Amino acid sequence: MPTTLRLPQISTNVRVVASRLLFPDLAGAWAERLFLTPPRAADAAASALDLIDARSGWVVHKGRHIMTWRWGAADAPVVLLAHGWGGHAAQMRAFVFPLISAGYRGIAYDQPAHGISEGRLTGLPDFADVLAEIAWHHGEVHAVIGHSLGATAAAMAHAWNKLDVKRIVLISPPSDLLGYSRRFARWHWMPEPLRRAMQGAIEERYGIRWEELELARVAPRLTARALVIHDRDDRMVPWKQGAAVAQHWRDASFVTTEGLGHRRILQDEAVAAASADFIAAP
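Throughout what follows, the structure given in this document is the object of discussion. The structure displayed is predicted, hence computed values, not measured ones. (Residues numbered from 1 in each chain as written. Predicted model: local features only at pLDDT ≥ 70, side-chain atom pairs only at ≥ 80, totals over all residues. Heavy atoms only, no water.)

## Some points on the overall build of the chain
Counting secondary structure elements, the chain contains 11 helices and eight strands. In the chain, which comprises 282 residues, the share counted as buried stands at 54%. Here the chain displays about 13800 Å² of accessible surface, and carbon together with sulfur accounts for 55% of that area. (Helix = DSSP H or I, 4+ residues; strand = E, 2+ residues; numbered from the N terminus. Buried < 20%, exposed > 50% of the residue type's maximum accessible area, 1.4 Å probe, protein only. Areas by Shrake-Rupley, 256 points an atom, 1.4 Å probe, with all protein chains shown as cover.)

## Remarks on the packing of helix 7 (residues 177-187) against helix 8 (residues 192-206)
The angle between the axes and the distance between the axes are what describe a pair of packed helices. The N-to-C vectors of helix 7 and helix 8 enclose an angle of 130°; their axes lie 10 Å apart at closest approach. Looking at the two axes, helix 7 sits oblique to helix 8. Here the hand of the crossing between helix 7 and helix 8 comes out right-handed. Residues Leu178, Ser181, Arg182, Phe184 and Ala185 of helix 7 touch helix 8, and the partners they reach there are Glu192, Arg195, Met198 and Gln199. (Axes fitted to C-alpha atoms, helices over the stretch in contact; angles between N-to-C directions. Parallel < 35°, antiparallel > 145°, perpendicular 65-115°, else oblique. Left-handed = near helix turned anticlockwise from the far one by under 90°. Contact = heavy atoms within 4.5 Å.)

## Focus on the pairing of strand 3 (residues 78-82)
Burial analysis of strand 3 places five of its five residues in the buried class, which makes it a mostly covered element. Burial along strand 3 is two-sided: Val78, Leu80 and Ala82 and Val79 and Leu81, pointing in opposite directions, are all buried. Pairing of strand 3 with strand 4 (residues 105-109), which is carried by five bridges, proceeds in the parallel orientation. Bridge pairing in strand 4 places Leu81 opposite Ala108. Note on the crossover from strand 3 through helix 4 (residues 96-101) to strand 4: the handedness is right-handed. Here strand 3 runs beside strand 5 (residues 141-147); their pairing, made up of five bridges, is parallel. What sits directly across from Val78, in strand 5, is Val141. (Pairing = 2+ DSSP bridges. Right-handed = clockwise from strand over helix to strand, strands pointing away.)

## Overview of the pairing of strand 1 (residues 55-61)
Relative to strand 2 (residues 64-71), strand 1 is paired through seven bridges, and the arrangement is antiparallel. Bridge assignment links Gly57 to a residue of strand 2, and that residue is Thr68.

## Considerations on the pattern of salt bridges
In the structure shown here, the tally under the stated rule is 10 salt bridges. Close ionic contact of Asp126 with Arg64 constitutes a salt bridge, the shortest N to O distance being 3.4 Å. Taken together, the residues Asp126 in helix 5 (residues 124-138) and Arg64 in strand 2 connect sequence positions 62 residues apart. Residue class for Asp126 comes out buried when judged on its relative accessible area of 3%. (Salt bridge = Lys/Arg side-chain N within 4 Å of Asp/Glu carboxyl O.)

## A few points about unusual backbone geometry
Positive phi, close to 55°, is recorded for Ser148, a residue that is not glycine. Tracing the chain through its elements places Ser148 in the loop between strand 5 and helix 6 (149-159). According to the relative accessible area criterion, Ser148 is buried, its value standing at 9%. In the Ramachandran plot, Trp189 falls in the positive-phi region, its phi being about 60° despite a non-glycine side chain. Structurally, Trp189 can be placed in the loop between helix 7 and helix 8. Here Trp189 falls in the exposed class, since its relative accessible area comes to 51%.

## A few points about the sheet that holds strand 5
Ordered in space as 1-2-4-3-5-6-7-8, the eight strands form an open sheet in which the pairing is mixed. What marks the edges here is a single partner per strand, and that holds for strand 1 and strand 8 (253-257). With direction set aside, neighbouring strand axes in the sheet form an average angle of 20°. Along the sheet, helix 5 makes contact with strand 1, strand 2, strand 3, strand 4 and strand 5, crossing strand 1 at roughly 120°. Strands in contact with helix 11 (residues 269-280) are strand 3, strand 5, strand 6 (167-171), strand 7 (225-231) and strand 8; relative to strand 6, the strand with the most contacts, it is inclined by about 160°.

## As for helix 5
Here helix 5 spans 22 Å end to end across 15 residues, near enough to the 21 Å set by a 1.5 Å rise per residue. Burial runs high along helix 5: 12 of the 15 residues are buried. Taken together, the buried positions of helix 5 are Leu124, Pro125, Asp126, Phe127, Ala128, Asp129, Val130, Leu131, Ala132, Ile134, Ala135 and His138. Gly139 sits one or two residues past helix 5 and shows a positive phi near 70°. (Expected span 1.5 Å × (residues − 1).)

## Some thoughts on the environment of Gly87
Assignment of secondary structure puts Gly87 in the loop between strand 3 and helix 4. The buried category is assigned to Gly87, whose relative accessible area is 2%. As a C-alpha pair, Gly87 and Asp110 span 23 residues in sequence and 8.0 Å in three-dimensional space. The residues contacting Gly87, other than those within four sequence positions of it, are His114 and Gly115.

## Observations concerning the nonpolar core
Among the nonpolar cores identified, the biggest contains 55 residues, and Phe35, Leu80, Leu131, Ile134, Leu170, Met190 and Trp249 are the most heavily contacted of them. Ignoring anything within four residues of it in the chain, the contact list for Leu80 reads Ile107, Leu131, Ile134, Ala135, Val141, Ala143, Val144 and Ile145. (Core = buried A, V, L, I, M, F, W, Y, C linked by side-chain atoms within 4.5 Å.)

Keep in mind that these numbers describe shape and distance, not what the molecule does.
What follows is the structure, encoded as structure tokens:
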């Protein structure tokens, strides 16, 4: 019988190294796409069933349908719930009941290229633009609760005068994009010249310098009241990044939790209650 020869799977890292050596321009473009491709949560579609009690809808951003879910009275002021990189709307579910009880309307959504929203590539500027688009679509947005990159996106949208809100709750906000990109490069065996090429390609795609996306640098000029909540045991976004945001944001409040990490912090009742109390405070 003929023997079938099975070639070994080539790892992502090996492909990057090989293409870097043979086709430098191709390697830069491939690295850009790799950086802008979020992981699709395996349970994202199933998790949408957890939002079955909400009124679903969508907005269109750059030709992509962005799925939304709404709770609360139609005439109540809006609080947007923005999940982070690799997440989905159902992760923000714990904040809904405290907000409705305080008289607000909660609106969660799947970020572009996340959950059941459309798209393949996305980044921080997209997150900020989508947030502003949803705010414009629904109107009367009083506040935002953002997690991880969704928190940074809310602050950026406010800094770019695309989002006029009174209060922002930032949960585990990353504030060191350059540092993250260097860690990302190490994970994928990218030398520094290739990382810089990737950064340049992303800056060209969005028309914005990375220095303008560093939240700790932007924070001093922001006017909305801010509550920053960060867990000391967060292994994905170090606690010191949230502390830096709170330090540079004028009159920001800072709350440290322990033992909740990066994602379980979204399920904590005390965190949800503190967020709603901050938004509803006079």
